[in-house]
Amino acid sequence: MATTVRSLLAAGLAVPLLWAAATAPASADATAGWRTGVLAGGPGAAPGAITGVDYTGPGGVHGVTGADGSFRYRGNWPVRFGVGQVELGHAKGAQLVTPFQLSGGAQCTIDEALTRELVFLEAVDGDRDPDNGISISAQTRARAAGVGPVRVSDLDDAALTSLVRTVTGDATATLPDAAAVLARFRDQVDGEQWTEKSVQEFTGPADEMRQIYDMNEAGQTPPVDMLNRQEGLLRSQGVATDGRSYVFSWQYGLTRTMTDARQTVLTRNTLAIPPQIAAYGGNHIGDIDYHDGKIYAPIEDGDKPKGEIEYLHPFIAVYDAKTLRFTGEYHELPQNLHTQGVPWVSVDAARGVFYTAEWDDTKVLNVFDLHTFTLIRTVPLSQTLRRIQGAKVYHGMLYAFADIGASLPLYKIDPESGHVITVHHVDISSSAGEGEGLVFLPRPDGTLLHTLDIAPDEVTTNFRNLALTKPSLRDQVCFS
């Protein structure tokens, strides 16, 4: 039987009264220690202040969130939020509270309870226009004060619709589309700001680079000592870290360096493609990743002579992260999912998976088991991406770096839902340049994200160091 507001009340559902006052210590000074927090994460202008929500804190203090979402709290005493007697949830007092905490999502997951909460908030917004944010009117709060205590998360669609019609006074009101509501929420809570702080340039002798290209075109292997002088070339595809050193990839090999300004070389495997993969035409290492003492390297069979079919054998090869020696472990990936090769691999150790995707016209994310290398699922993306050259996981999100013109987009992808937002553009000096891999490593100078691009010429690789100057709301409430 569908749950309704009336049936919940008739059944005597045990719902804590929204206005039941939390008891503060008797010895506490009634005016001391109060702070101002913000309820945010709704749609509209960042940070998405949620206005017109009733709140009750310790000692019975209560009020309505202001135009900026502000409310009062003390210490970490709980604060209850709701609309009249309609309870949204409670959270420990903090400078920032979002719907994540109100729905009880300790892991900041998007679940049914959070979805109900977000749908309700948009449904009772004064003008029902999410583009200008959420503001709940005094009339709506007054009507909601008379419906009896009820939790939004306990209601099905029919009951929630009935509740919305009652508190808004609109007998024809309907619920907003849940998928659109969640998309707006993800845009808000995952938006962030990056700022480039410095750049390191790596290059090599231009005349020798020309010889290397000529020999490569002729099917000849250039001398290793000549290759090792091309510090830009040897950082031209990808980068990973074990937290203490960097490992860079280029088309044929790997280099491990210190994390100092010079990136002092520790060891090299300049020609690292194993013969087992070379036999299938493997000739290109992409953006690599690190996990548990190993380097995971994607290897594809592109750049074949005219008339030969390319990208038939996508592989992941595994190397020792310290010595850069091939471990003997390699796995061929499904070719139908990698018709343009395998330009990058990203390990998500917390979920026990790794990700790949098509290089261009990217519509889905491929999710593989990290231990068996079997495909688990594909995740449709909320928008089609182009020319993805590298990707890494940070705080549960997949960051993908694209090679598009002189302003290279950095995408943030939720690997569970496939939702995509653009969080930054890396400006390089030439549209003829090329974006490559990226890596996350906190540095003493405050930088965290480091990207690779080749510009303004084919000899020079730039290692750009970016600071997270405005963390996302999700990071602030889930990882602080």
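So, how was this worked out
- Residues numbered from 1 in each chain as written.
- Predicted model: local features only at pLDDT ≥ 70, side-chain atom pairs only at ≥ 80, totals over all residues.
- Heavy atoms only, no water.
- Phe/Tyr/Trp six-rings, centres within 6.5 Å; stacked < 30°, edge-to-face > 60°.
- Buried < 20%, exposed > 50% of the residue type's maximum accessible area, 1.4 Å probe, protein only.
- Helix = DSSP H or I, 4+ residues; strand = E, 2+ residues; numbered from the N terminus.
- Lys NZ or Arg CZ within 6 Å of the ring centre and 35° of its normal.
- Pairing = 2+ DSSP bridges.
- Axes fitted to C-alpha atoms, helices over the stretch in contact; angles between N-to-C directions.

Tallied over the full model, the rule gives 20 aromatic pairs. A centroid spacing of 6.0 Å and a plane angle of 45° characterise the contact between Phe71 and Tyr73, whose relative ring orientation is tilted. By relative accessible area, Phe71 is classed as buried at 1%. Ring geometry for Tyr296 against Phe373: centres 6.4 Å apart, planes inclined by 20°, an arrangement best described as stacked. Here the residue Tyr296 occupies a position in strand β18 (residues 294-300), and Phe373 occupies one in the loop between β23 (362-369) and β24 (375-385), the gap between them amounting to 77 residues. By relative accessible area, which is 6% here, Tyr296 ends up buried. Taking relative accessible area as the criterion, Phe373 reaches 8% and is therefore assigned buried. Ring-pair connections join several aromatic residues into one group, and the members of that group are Tyr280, Phe315, Tyr319, Phe326 and Tyr330. When the ring centre of Trp34 is taken as origin, the NZ or CZ atom of Arg72, which lies over that ring, is 4.8 Å away.

A few words now on the sheet that holds strand β25 (residues 388-394). Taking strand neighbours across the sheet as the criterion, the four strands line up as β25-β26-β27-β28 in an open arrangement whose pairing is antiparallel. Edge positions in the sheet fall to β25 and β28 (420-427), since each has one partner strand and no second. The average angle at which neighbouring strand axes cross in this sheet is 25°, direction not considered. Taken together, the seven bridges between strand β27 (residues 407-413) and β28 define a ladder with antiparallel strand orientation. Considered in β28, the bridge of Lys412 is made with Ile421.

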